[in-house]
Amino acid sequence: MARLVSTAGTDTGPDGPGGLQMGIDWIASSSWRAFLLIFLLCFGVQGFFLTKVPHRYIQPHTRWEIEAVAVSLVQTGQFANPYDLPTGPTAHLPPIPPFLLSLIYRLFGLTLAAGYVSWLLRMATYSVMYAMLPWLAGKFGAGRQAGLLGGIAGALTPQWPGYGEALTAIVLGLLLLAFLRRWTRARSTARSSVLLGLAWGAAFHLQPVLLTVLLGCIAFELWWSAERRKWRLSGVMVLGVLLACVPWGWRNYTTFGEVFFIRSNLGLELRMGNHEGAEAAMDVMDIRQEHIHPRTHREQARKLQEIGEAEYMRQAKLEALQWIRTNPGTFLRLTASRFVHFWFGPLHAPPIAALVTVLTVLAVLGTWRIFPALTVPQRAVFLIPLAAFPLVYYIVAYMLRYTEPVRWILLLLAGAEVWHWIKRR
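Structural notes, computed from the coordinates. Source: prediction; values computed, not measured.

The helix and strand tally for the protein chain stands at 21 helices and zero strands. Expected size for 425 residues packed as a compact globule is a radius of gyration near 22 Å; at 23 Å, the protein chain falls within 12% of this value. Across its three principal directions, the C-alpha atoms of the protein chain cover 90 × 60 × 50 Å. The buried share of the protein chain, taken over its 425 residues, is 51%. Put simply, of all contacts in the protein chain between residues at least 6 apart along the chain, 74% involve residues at least 24 apart.

Below, the structure is given as C-alpha cells:
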C-alpha cells in the first residue's frame, strides 16, 4: 500500500512524461541511433514535399543563377552566364554549389531524372544536417537529448532546396568542433593549424560569409589560448586559408583583372537592399518588382554584357554607397528591420515569423539554461557564429534561406530548453 501511495502522483508509464523522458534518453544514448531516426524522418518529410512540387521546378532550367551556371558548365565548360542574357564568365556565385550540380547534369543529362537526383541529394544534405545535431550537441556540452529534440523539430519542417545552405551548416558545425578541440587540447601543432586553415579556405568556396565566423574564432583564440606560440599558430592557420583560396582567386584575377574575395556580387547585393523604395525583405521587392537585378531585368543584363561583370558590380556598389550616404536614417531603419527579420522571421509572412520567433525565444531561454554548466570555449562555439555570421545580412536584403547555416544552433539551444521542461515534468 505504501508503494502504491508513493507512486500515485507520478506518471511513469510508456505514454506519460516519464516514458517520454526514457524514450528520449534511450534514443539519444546512441549517436548513430539518433542520426538514423532523424535522417529518415527528415528525408521522409522532404520526400512528401517533393511530390507536391511541379515538374517545371525540378527539370533543369536556367531561371536561377546556380542552375544557369551549372548548365553553362555542362554545355560550354565555362563558369559563366548566370543572368538573363549570356554575359560570359562570372564570379557571382561561390564555385562549389554550381560545380556539384553540374556533375549531376553531366551524368544524367539535362533531364527530369537529373532534376530529381539533384533534389534528392539536396534533401539528403538537409537530413544529414539535422541528424548531426545530437552528436554535435554532445560534443558542445548541451547534451544529446537537446540535439535530438532540435533535430526532430528541424526534420519536421519542409525545406525548399537552396544554394548550398544545408551543406554550409554541416561544414560550419564540423569546423566549430575542430576549433573547440583546438582550444581544449594541451598543445596544437603547425600541421593541424595549416590543415584547419585549408579546411576554412575550402569552406569559403561554399559560403564566403563564413569569413566573419573565422575572424571571430581567431580573435577568441588569441584572447583565450595560453599557448606561447598562439600568434605563430594562428598565422600558420591563416596561411592555410590563403593557400586554399589561391586557385579560385587566380582564376578571378586572370578573368576579371582584379582581386576580390571569392564572389563579385557584393556591390549588387548592397544596391538591391539599399536604394530608393527598398524594403527589408527581398520577397516583398520581388512582388513589387522594385529591385534591379540582371537575373530578371534584361536591360540590366544588357548593361552588364556591355561593360563587363567587374565594372557593373563596381558601379552598383558606388550607387549603393552614395544612396546610403545621402539617406543615413533610411539605411539605419532598413538595417534594424533586417536584424528583426533575421531573428524573428519574415514579417510579411506572419505564420513563418511566429515559428521563427518561438524558435529564437526558446533558444535564448536554452542559452540561459545551459551556459552556466559550459566551459568558456563551449560558450564561444555557440556565440561566435550567432554574433558574426549575420553581420553581412544586416546590410543586404533579407531572405529566409540566409539564416539556414546557423539555424541548427538555435534548434540545438531551443532543444535544451524543451528538454529541461520534459525533465521537470
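That covers the picture; the talk isn't over yet.
As a further point, take helix α20 (residues 376–388). Here α20 is 13 residues long and its end C-alpha atoms lie 17 Å apart, about the 18 Å a rise of 1.5 Å per residue gives. For α20, the principal kink sits at Phe382 and spans about 25°; a proline, Pro385, occurs within the next four residues. Restricting attention to buried positions, one finds in α20 the residues Pro377, Gln378, Ala380, Val381, Phe382, Ile384, Pro385, Leu386 and Ala388. Those residues of α20 that are buried are in contact with α8 (133–140), α10 (165–184), α12 (210–224), α18 (328–344) and α21 (404–424).

Together, Lys139, Arg144, Arg181 and Arg185 make up a positively charged patch on the protein surface. As for its placement among the helices and strands, Arg185 is situated in the loop between α10 and α11 (190–204).

A separate point is the pattern of salt bridges. Counting across every chain of the model gives eight salt bridges. Salt-bridge contacts for Arg182 lead to Glu221; the nearest nitrogen and oxygen are separated by 2.7 Å. Taken together, the positions of Arg182 in helix α10 and Glu221 in helix α12 put the pair 39 residues apart, joining distant regions of the chain. We classify Glu221 as buried; its relative accessible area is 4%. In this structure, the salt-bridge partner of Arg271 is Glu319, at a minimum N-O distance of 3.2 Å. With Arg271 in helix α14 (residues 266–273) and Glu319 in helix α17 (residues 309–326), this pair connects stretches of sequence that are 48 residues apart. Given the relative accessible area of 8%, Arg271 is considered buried. Several salt bridges share partner residues, and in doing so they unite Glu258, Glu311 and Arg314 into one network.

Thresholds applied
Residues numbered from 1 in each chain as written. Predicted model: local features only at pLDDT ≥ 70, side-chain atom pairs only at ≥ 80, totals over all residues. Heavy atoms only, no water. Helix = DSSP H or I, 4+ residues; strand = E, 2+ residues; numbered from the N terminus. Rg over C-alpha atoms; globule rule 2.2 N^0.38 Å. Buried < 20%, exposed > 50% of the residue type's maximum accessible area, 1.4 Å probe, protein only. Contact = heavy atoms within 4.5 Å. Expected span 1.5 Å × (residues − 1). Bend = angle between axes of the 7 residues up to and from the residue. Patch = residues over 30% accessible without salt bridge, like charges linked within 9 Å, V, L, I, M, F, W, Y side chains within 5 Å. Areas by Shrake-Rupley, 256 points an atom, 1.4 Å probe, with all protein chains shown as cover. Salt bridge = Lys/Arg side-chain N within 4 Å of Asp/Glu carboxyl O. Lys, Arg positive; Asp, Glu negative; His and termini not counted. Charge placed at Lys NZ, Arg CZ, Asp CG, Glu CD.

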